[in-house]
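# Remarks on the overall topology
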Amino acid sequence: MAQKPQKSSLSVSKQKLSSAQTQTRAFVMPVIPLWAVAMFFLLTTLVFFRTQIFGSAYFWEDFAEYVYPAQSFAARALRAGEIPFWNPYTLSGLPFLADVAVGFFYPPNWLLALFVKDGKLPVLALELVIIAHFWLAQCTMYLLARQFKVSSLGSLIAAVSYGFSSILVCHTFHPMMVAHFAWFPLAFLYFRRAISEQRIVFSLLSGLVLGAMMLSGHPQTTLYLVLFLFFVTLWTAIAKIVNDHASITTILRLGVLAALPIVIAAGLFAVQLLHSQEFSAYSERNALTLEKASIGSMQLKQVFTAAVPKLFGASDAQTSSGAAKGTPFFLEGSEYYAYWETAFYFGIPALLLGLIGLSATVRSREHDNVGGLILFTSVFAVLFALGNNGFLFPAMFHLPFFDRFRVPSRMVMLLPPGFTLLAGIGFDKLLHNGQRLTRSTLAVVGVVILIAIIAASGSLSNVPTNAEGSANAIAQAIQGFGITALVMAFAAGALILLLLRNTLSPTLIGIALLLLTVIDLNIANSSFNTGRTNPEAMYSMDSGLQTQLQIQPPGSIFRVRTRERGITAMPRNQGLMSPVMMYDGYMPLLPERRVPPTHSASVTYDLLAIRYEIAIDPAQGGAYFAERRTAFPHARMLYKALQTNPEQAKAVATSGNVDFANEVILETSLPLVLPNVSAATVQHNVQCVAYSANEIEYKISSAQNGILVVSEVWYPAWKATLDGNSVDVLRADYSLRGIAVPAGDHTVRLFYASSAFRAGAWISILTLVLTLGVLGFVAMRRNGEGGA
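Residues numbered from 1 in each chain as written. Predicted model: local features only at pLDDT ≥ 70, side-chain atom pairs only at ≥ 80, totals over all residues. Heavy atoms only, no water.

## Observations concerning the overall build of the protein
Helix and strand content of the protein: 27 helices and 18 strands. Relative to the globule expectation of 28 Å for 788 residues, the C-alpha radius of gyration of the protein, 31 Å, shows essentially globular dimensions. Its C-alpha atoms put the protein at 135 × 75 × 50 Å along the principal axes. Within the span of the protein, comprising 788 residues, buried residues form 56% of the whole. A sequence separation of at least 24 residues applies to 76% of the contacts in the protein between residues at least 6 apart. (Helix = DSSP H or I, 4+ residues; strand = E, 2+ residues; numbered from the N terminus. Rg over C-alpha atoms; globule rule 2.2 N^0.38 Å. Buried < 20%, exposed > 50% of the residue type's maximum accessible area, 1.4 Å probe, protein only. Contact = heavy atoms within 4.5 Å.)

Given below as structure tokens:
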């Protein structure tokens, strides 16, 4: 029997080499210069926010109601060389700097003072500072992906997917959250290098970035992102123990390097943190129940919005303005704001590539098994975001810090950074190991396409018949959203399969995926912030009305009530834009005792020196400002006092047995003996000689001992001197300030001086100096070693 000819050893070797090349393709992606990357991100940012920068669209919701007036007030103060500790213009007066959301010490906010002209901050200046953070978010995510050795093109896909994901775009009117998201990839980059390379310099750098991030002012986001770093530390420690059999010393060193950035960041944040904690102790949010904390909880079916972002409609600038176009958010059991609190869409291309990257890294355990870490954090984030619809948030609510915040759905913020990073990794995996990923790739593409098809059929949405607008119109719109997702899934899937089969140039396919990502996220998210109301026009006042209502310190100081039976005469934070001291307002954190309780609303308004209030013309039905002639002066002397304790003060004030025109309720023992007579029987004079947000001065002349009652909200950081000597600021009439003044002529000075702020400022200064000093020492030492 004839033998078959055997292949030569050279032929066998060629066959093995060819087989290996089909599994690992040696394609080198070109490296893009950093300057070109930065310019590309600038272009994508300009395109995404083109209507705000070049058109007539504006940021909306909290941006107009709170962010713009608050930052205007802060910028004007900074331009004048002042620190705005107190806000006398909103809600009868409350702490301003202590409100963490203001972010006064966040360095980019200082730039706003440069744009103040004629006492006004242009809206565009504030919008540009916020928009710049979207450029920054892309840059930092690009650097993070490159640190994971992702190709330039894969890193661009990751960066754009992250930079314009819904978690950023849908919180544009919460710029303090956007700032967190913009800086976090860089903080994570340094943090990872610190614990993986065991180098303290990266711990220091991570701490500086985290500190800047924290100063932007959103502790809830800080907590959730620091929790992610804790998971990273725990994951790394377990891996070292299991895989490398690391010693206790190594694990302890890792723990120190991981804790150091948090300590440094907390030290830098202390200037804000301690001050805000002082405020929080006297605020309405000091006690938060599980029920109140659970508002905005996510529903499990909202995970499908990863593929179809508007599967349940949207609450955006168009639907909220009453415009004909737009599909309102209709998810049963959720409020309108749940749309942006649960939104995390980062694009179909990134979703497909991220799932492929997840599959590849979990199986291969490459990149420090980052896939496993991201899978764990993603599952945790979704379970926590379910709030009272799940078990995790109720269980963790009683842990320290977690009982301080509402809206657990914000935990979905952990999804975009992880999955967009995996998208870059997934792109490279397809580029170099495509044949090994054929089955998983086809499965991923098939599942996403199936979800889009089901969404287009309306089976996932269940539009209620009582939804705002026509149910049929909403169903058709949802079908359109599903079709859009289907088109994107087919397009991205086709490009991925071409990359898998090595049919076209990988560079061309990568560019196509990048452009598809830009288009996808523009379609999904760019309309969210297209408000049509210019906040500058919103806060403009009629000159005659402004003359009538604005204060003229130090001589004329009074308040205005601007709301009545659903009628609002001006925006809630008009006072921050004009010198109008308002009883009304809108701030995230409010003092618990800001309104003196009495038996009558009219008496309460008198105590707060409300001189004008909204009235309704019975003949024509119009609203106008009527003068209240019963309002008490902003500061007055009283000579009768009712002494009680803090627990009984409210009951005494509302009993109806107090003559507030002549009596004052005090919650401490009387510091001097009062004559117990009506004010009209005592010769006296009260003159305000200086009035500003942080300091007030009075000249007092009185024939008898008395109590100076000032119609300003009591707060522990307000101190007082009498003729230069320190005296107590008494809590008067439950909410106001009182000073004991002996008979004679005196000067009373009230000023804001927070010991918590001073302590925090010193801690932050020392932390910054020490951190920079150690960094400088390390740099000098390395240069010295290099020179040697």
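## Here's the deal with the nonpolar core
With 224 residues, the main nonpolar core has Phe63, Ile348, Phe384, Leu513, Tyr698, Leu708 and Leu750 as its most contacted residues. Among the elements that line this core, the one with the most residues is helix α6 (residues 123-147), at 14 residues. When sequence neighbours within four positions are dropped, the list of residues in contact with Phe384 reads Tyr224, Leu392, Phe393, Met396, Phe402, Pro408 and Met411. Judged by nonpolar contacts, the second largest core, of 12 residues, contains Val603, Leu607, Ile610 and Leu736. (Core = buried A, V, L, I, M, F, W, Y, C linked by side-chain atoms within 4.5 Å.)

## Description of the sheet that holds strand β7 (residues 623-627)
Here three strands make up an open sheet; going across it, the order is β3-β6-β7 and the pairing mixed. Only two strands of the sheet have a single partner each, and these edge strands are β3 (559-561) and β7. When strand polarity is set aside, the average angle formed by the axes of neighbouring strands in this sheet is 25 degrees. Where β3 and strand β6 (residues 610-616) come together, three bridges link them in parallel fashion. Paired with Val560 across the strands is Tyr612, a residue of β6. (Pairing = 2+ DSSP bridges. Axes fitted to C-alpha atoms, helices over the stretch in contact; angles between N-to-C directions.)

## What about the pairing of β7?
Examined bridge by bridge, β6 and β7 share five bridges and lie antiparallel to one another. By the bridge assignment, Ile616 is partnered in β7 with Ala623. Two successive antiparallel strands, β6 and β7, enclose a turn made up of six residues, where Gly621 displays a positive phi of approximately 80 degrees.

## Describing the pattern of salt bridges
Scanning the entire structure with this criterion turns up 12 salt bridges. Of the charged contacts, one joins Arg749 and Glu695 as a salt bridge, the two residues approaching to 2.6 Å between their closest N and O atoms. A residue pair is termed long-range when its members are at least 10 positions apart, and Arg749 in strand β18 (residues 744-752) and Glu695 in strand β12 (residues 695-702) qualify at 54 residues. Among the residues examined, Arg749 registers a relative accessible area of 29% and is labelled partly exposed. Through salt bridges with shared partners, a single ionic network connects Arg561, Glu564, Asp606, Glu613 and Arg628. (Salt bridge = Lys/Arg side-chain N within 4 Å of Asp/Glu carboxyl O.)

## Describing unusual backbone geometry
Look at the link from Pro553 to Pro554: it is a cis peptide, with omega at 5 degrees. Structurally, the position occupied by Pro554 is in the loop between α23 (543-549) and β3. Within the chain, Ala609 stands out as a residue other than glycine whose phi angle is a positive 55 degrees. Relative to the elements of secondary structure, Ala609 occurs in the loop between α25 (601-607) and β6. You will see that Asn676, though not glycine, has its phi angle at about 60 degrees, which is positive. Here Asn676 shows up in the loop between β10 (663-666) and β11 (684-691).

Structural measurements only, silent on function.
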